[in-house]
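Inside the fold
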Amino acid sequence: MSNFAFNNPAFKQQDPRNVATYPGGPQAAAQGAQFGSAQHAGMDAAANAQLEGMYAGPPAGAIETDRMTVEDTVWKTAALFGILLVTAAIGWVWTLGGVQIDPRQGVSMIPWMIGAFGGFVLAMVITFTSRKKVRPALIFVYAALEGLFVGGISAFFEMIWPGIVMQATLATVAVVGVTLALFASGKIRASKKMTKIVMIAMLGYMVFSLLNLVLMWTNVLPAGQAFGLLSQEVMGIPLGLIIGVLVVFMAAYSLVMDFDQIQQGVRNGAPRKYGWLGGFGIMVTVVWLYVEILRMIAIVRGSN
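My aim in this report is to walk through the structure given alongside it, one point at a time. (Residues numbered from 1 in each chain as written. Predicted model: local features only at pLDDT ≥ 70, side-chain atom pairs only at ≥ 80, totals over all residues. Heavy atoms only, no water.)

Two elements in contact, helix α5 (residues 110-129) and helix α6 (residues 136-160), have axes separated by 8 Å at closest approach and are oriented at 150°. Here α6 runs roughly antiparallel to α5, going by the angle between their axes. In terms of crossing hand, the pair formed by α5 and α6 is left-handed. Two secondary-structure elements touch here, α5 through Pro111, Trp112, Ile114, Gly115, Ala116, Gly118, Gly119, Leu122, Ala123, Val125 and Ile126 and α6 through Leu138, Ile139, Val141, Tyr142, Leu145, Glu146, Leu148, Phe149, Ile153 and Phe156. (Axes fitted to C-alpha atoms, helices over the stretch in contact; angles between N-to-C directions. Helix = DSSP H or I, 4+ residues; strand = E, 2+ residues; numbered from the N terminus. Parallel < 35°, antiparallel > 145°, perpendicular 65-115°, else oblique. Left-handed = near helix turned anticlockwise from the far one by under 90°. Contact = heavy atoms within 4.5 Å.)

Below you can see the structure in the form of structure tokens.
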């Protein structure tokens, strides 16, 4: 089990004999050996020169092969985050528009709600339909909705705790950067045992979060606790801080799984359009990481 965004056979480990072939892929080496023996059997000079030119030329890229590559997936991921940043700015201004005009006016929850519920529904649609067909247009819309959500919730938190958005952004970039560096260096990899442990922990956290929301909505918890059970203290430390550290670890490991499955998709020779699905999966994880760090900092600052 892993990021639901990668619930597609293209990102699963396959029998090497069933991996699709493409120009410049691993099969090219084997084919080259066959061509070499054919030369000795009577290949003419023109064909021999053409073959040498093919091997001397640069390797085929994602556009030429129409196959997924890490570089192409990086560019697609950057494009999705570009859309997210644009709509996040819109969500920020929309959320604080009334406050800026009249301090007595409250913040607008509309962008927050549109982004949260719209993004959730669209994420489910993308996940369950991507097994048959990848639709980049839906992923673009999802990125835009996530931007509204991120911009709205960030503006709300920034109004209460000035400077918190910059703190959460820097922390998120640091976690993503360190995780990517460790993965690229080969020092961390996803394992079946650790994946099972993390997935169990994530399911437990999901149940806890739902329970916390129900207790808050039904006014079972004492008034004044903005984060419900997370505002409680254990040995003088906010429970939200303890759980937040564990959640950050889970999100970081989810990124490791995302990177690993993108590499698997490349090894499988997945079509180039699946790079959009890889970018979508990374965006889901990074937004989750950012929101959790934002809430964790808010709990710490609120307790002070």
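Next comes the rest of the description.
On to the nonpolar core. Formed by 47 residues in total, the largest nonpolar core has its most connected members in Ile139, Tyr142, Ile164 and Phe280. Elements with a minimum of two residues in this core: α4 (70-101), α5, α6, α7 (164-184), α9 (239-267) and α10 (274-303). Setting aside chain neighbours within four positions, we find Ile139 in contact with Leu80, Ile126, Val134, Trp276, Leu277 and Phe280. If you look at the next biggest cluster of nonpolar residues, it comprises eight residues, including Met199, Val247, Met250 and Tyr253. (Core = buried A, V, L, I, M, F, W, Y, C linked by side-chain atoms within 4.5 Å. Buried < 20%, exposed > 50% of the residue type's maximum accessible area, 1.4 Å probe, protein only.)

So, on to a nonpolar patch on the surface. Residues Val86, Ile90, Trp94, Ile110 and Ile114 make up a contiguous nonpolar surface patch of roughly 450 Å² in combined accessible area. Elements that contribute at least two residues to the nonpolar patch include exactly α4 and α5. Along the chain, the position of Val86 falls in helix α4. (Patch = residues over 30% accessible without salt bridge, like charges linked within 9 Å, V, L, I, M, F, W, Y side chains within 5 Å. Areas by Shrake-Rupley, 256 points an atom, 1.4 Å probe, with all protein chains shown as cover. Salt bridge = Lys/Arg side-chain N within 4 Å of Asp/Glu carboxyl O.)

Tracing the chain through its elements places Glu146 in helix α6. Despite its burial, Glu146 pairs with no opposite charge, the nearest such side chain being Arg295 at 14 Å. Residues contacting Glu146, with those up to four places away along its chain left out, are Leu84, Gly115, Gly119 and Val287. (Lys, Arg positive; Asp, Glu negative; His and termini not counted.)

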